Amino acid sequence: MPQLQCTNLTIGYENLIVTKNLNFEVNKGDYLCILGHNGSGKSTLMKTLLGLLKPLSGSISTGEGLSFNEIGYLPQQTVVQKDFPASVWEVVLSGCQAQCGFRPFYNAKEKQLAQSNIEKMQLTELKNRCFRELSGGQQQRVLLARALCATKQMLLLDEPVSGLDPKVTREMYETIRRLNKKEGITIIMISHDISSALTYASHILYVDDEPFFGKREDFEKSDYLKALTSAKEENA
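Residues numbered from 1 in each chain as written. Predicted model: local features only at pLDDT ≥ 70, side-chain atom pairs only at ≥ 80, totals over all residues. Heavy atoms only, no water.

### Observations regarding the pairing of strand S6 (residues 154-158)
Step number 1: Among the 5 residues of S6, 5 are classified as buried, and the element is accordingly described as predominantly covered.
Step number 2: Burial of S6 is two-sided: the residues Met154, Leu156 and Asp158 facing one way and the residues Leu155 and Leu157 facing the other way are all buried.
Step number 3: With 4 bridges connecting them, strand S5 (residues 71-74) and S6 associate as parallel partners. The residue of S6 that forms the bridge with Gly72 is Leu155.
Step number 4: Pairing between S6 and strand S7 (residues 186-190): 5 bridges, direction parallel. Following the sheet pairing, Leu156 is matched in S7 by Ile188.
Step number 5: One crossover worth recording links S6 to the parallel S7 by way of helix H7 (residues 166-181), and it is right-handed. (Buried < 20%, exposed > 50% of the residue type's maximum accessible area, 1.4 Å probe, protein only. Helix = DSSP H or I, 4+ residues; strand = E, 2+ residues; numbered from the N terminus. Pairing = 2+ DSSP bridges. Right-handed = clockwise from strand over helix to strand, strands pointing away.)

Take a look at the structure:
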């Protein structure tokens, strides 16, 4: 059974349809990249998968022991998030909130999980630094550590390398690949970076009036890639 399955999914907000007829499934260990033109509905889909928006029609189901509150999420950064006045430790530990339930404090297990993910993202020396004092790449690693506190199964990443320089971008992609390949975490990532999507992804979901879902190698042979590449060149 797939970890996540969307059937005849129509998404939008306030009854305004953004995109429809989405049918795809994600199995454990997959690396799915979501591509599409600006305004095609990629971020709306991500919010719908997280339960922040309700589907207008169709269904979303989980399997393989995955529940919706066990999905880690790394959103696009906003100016407010970048200027967040908290320490690295506080930001990462906040990723354990869903596990606390009605408890007003974090227990030893949750603190150990936060510490483990700080070490995994090579943030130990920055643990007590203020989040807003960090570079863009360091902030993204902190937010990824926070997302990992919520899951050992699936990460949803919305443009995780946006605004990063080429070197830090490569490092972030390699970190995500390591989490996928070595730790078996399923990745669902929105990206505008076609070449990197074709380098790292196992599957592609192209959100359009006529969506495509399939293996990366099938997308590479399709007219969808040609159309997306042409549009990108025209807007360059």
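### Notes on the side chain of Thr48
Step number 1: Here Thr48 shows up in helix H1 (residues 42-49).
Step number 2: Exposure remark for Thr48: the relative accessible area of 3% places this residue in the buried category.
Step number 3: Not counting residues within four places of it along the chain, the set of residues in contact with Thr48 comprises Ile11, Leu53, Lys54, Pro55 and Ile60. (Contact = heavy atoms within 4.5 Å.)

### Some details on the pattern of salt bridges
Step number 1: For the structure shown, the criterion picks out 4 salt bridges.
Step number 2: As a salt-bridge pair, Glu183 and Lys120 come within 3.0 Å of each other at their nearest N and O atoms. In this pair, Glu183 sits in the loop between H7 and S7 while Lys120 sits in helix H5 (residues 108-120), placing the two residues 63 residues apart along the sequence.
Step number 3: Between Arg177 and Glu174 there is a salt bridge, with the nearest N and O atoms lying 3.1 Å from each other. With Arg177 and Glu174 both in helix H7 and 3 residues apart, the pair spans about one turn of that helix. (Salt bridge = Lys/Arg side-chain N within 4 Å of Asp/Glu carboxyl O.)

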